[in-house]
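Chain and residue survey
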Amino acid sequence: MKTAAVLDPKRDPYRFDIFESVERFEDIIGSLTGVYMKLHYQELDKGIPNQALAEKYMNRIFEIRKTKNNFAPNDIEARDQLTELYLKEYKKLDNAIK
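Report follows, based on the coordinates. (Residues numbered from 1 in each chain as written. Predicted model: local features only at pLDDT ≥ 70, side-chain atom pairs only at ≥ 80, totals over all residues. Heavy atoms only, no water.)

1. With respect to the nonpolar core
- Counting 14 residues, the largest nonpolar core has Ile 29, Leu 32, Tyr 36, Leu 39, Ile 64, Tyr 86 and Leu 93 as the members making the most contacts within it.
- Among the elements that make up this core, the one with the highest residue count is helix 1 (residues 16-45) (seven residues).
- If near-sequence neighbours (up to four positions away) are discounted, Leu 93 is found in contact with Leu 32, Val 35, Tyr 36 and Leu 39. (Core = buried A, V, L, I, M, F, W, Y, C linked by side-chain atoms within 4.5 Å. Buried < 20%, exposed > 50% of the residue type's maximum accessible area, 1.4 Å probe, protein only. Helix = DSSP H or I, 4+ residues; strand = E, 2+ residues; numbered from the N terminus. Contact = heavy atoms within 4.5 Å.)

2. Some thoughts on the packing of aromatic side chains
- Tallied over the entire structure, the rule returns one aromatic pair.
- Ring centres of Tyr 36 and Tyr 57 lie 6.1 Å apart, and the angle between their planes is 45°; this geometry places the pair in the tilted category. Within this pair, whereas Tyr 36 is found in helix 1, its partner Tyr 57 is found in helix 2 (residues 51-68), the two being separated by 21 residues in sequence.
- Classification of Tyr 57 as buried rests on a relative accessible area of 15%. (Phe/Tyr/Trp six-rings, centres within 6.5 Å; stacked < 30°, edge-to-face > 60°.)

3. Considerations on helix 3 (residues 76-97)
- With 22 residues, helix 3 ought to run about 32 Å at 1.5 Å a step, and its terminal C-alpha atoms sit 31 Å apart, in line with that.
- All of the buried residues along helix 3 are Ile 76, Arg 79, Asp 80, Leu 82, Thr 83, Tyr 86, Glu 89, Leu 93 and Asp 94. (Expected span 1.5 Å × (residues − 1).)

4. Comments concerning the environment of Glu 26
- Inspection of the secondary structure puts Glu 26 in helix 1.
- Judged by relative accessible area, Glu 26 falls into the partly exposed class, the value being 32%.
- The spatial distance from the C-alpha of Glu 26 to the C-alpha of Lys 68 is 7.9 Å, given a sequence separation of 42 residues.

5. Observations concerning the pattern of salt bridges
- Summed over all chains, the structure comprises five salt bridges.
- Two residues, Glu 84 and Arg 24, come together in a salt bridge whose shortest N-O distance is 2.8 Å. On the criterion of sequence distance, the pair formed by Glu 84 in helix 3 and Arg 24 in helix 1 is long-range, its members being 60 residues apart.
- For Glu 84, a relative accessible area of 35% puts it in the partly exposed group.
- Across the pair Glu 89 and Arg 60 runs a salt bridge, and its minimum N-O distance is 2.8 Å. Within this pair, whereas Glu 89 is found in helix 3, its partner Arg 60 is found in helix 2, the two being separated by 29 residues in sequence.
- A relative accessible area of 17% places Glu 89 in the buried class.
- Arg 60 sits in the partly exposed class, given a relative accessible area of 21%. (Salt bridge = Lys/Arg side-chain N within 4 Å of Asp/Glu carboxyl O.)

As structure tokens, then:
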């Protein structure tokens, strides 16, 4: 969690720090689950689909969505760390799809 000075309402009375953190987190979760959903359907559309791989993609979507609900609004640092982790995962997958 960030220091009390950063979360001090006198320094940021409109709580833009929390807003920015939550918005970035929501964006990357939406993008990452979208990529996994695309991979899931691409696998199912193959002539002979690998059901285990398609199921793996779907399970990853559920894991990502579950983490979304585990963060309190004031847990900025943990959410930002997970955002960076998901961003790296997204970039890796996005490059693999292209």
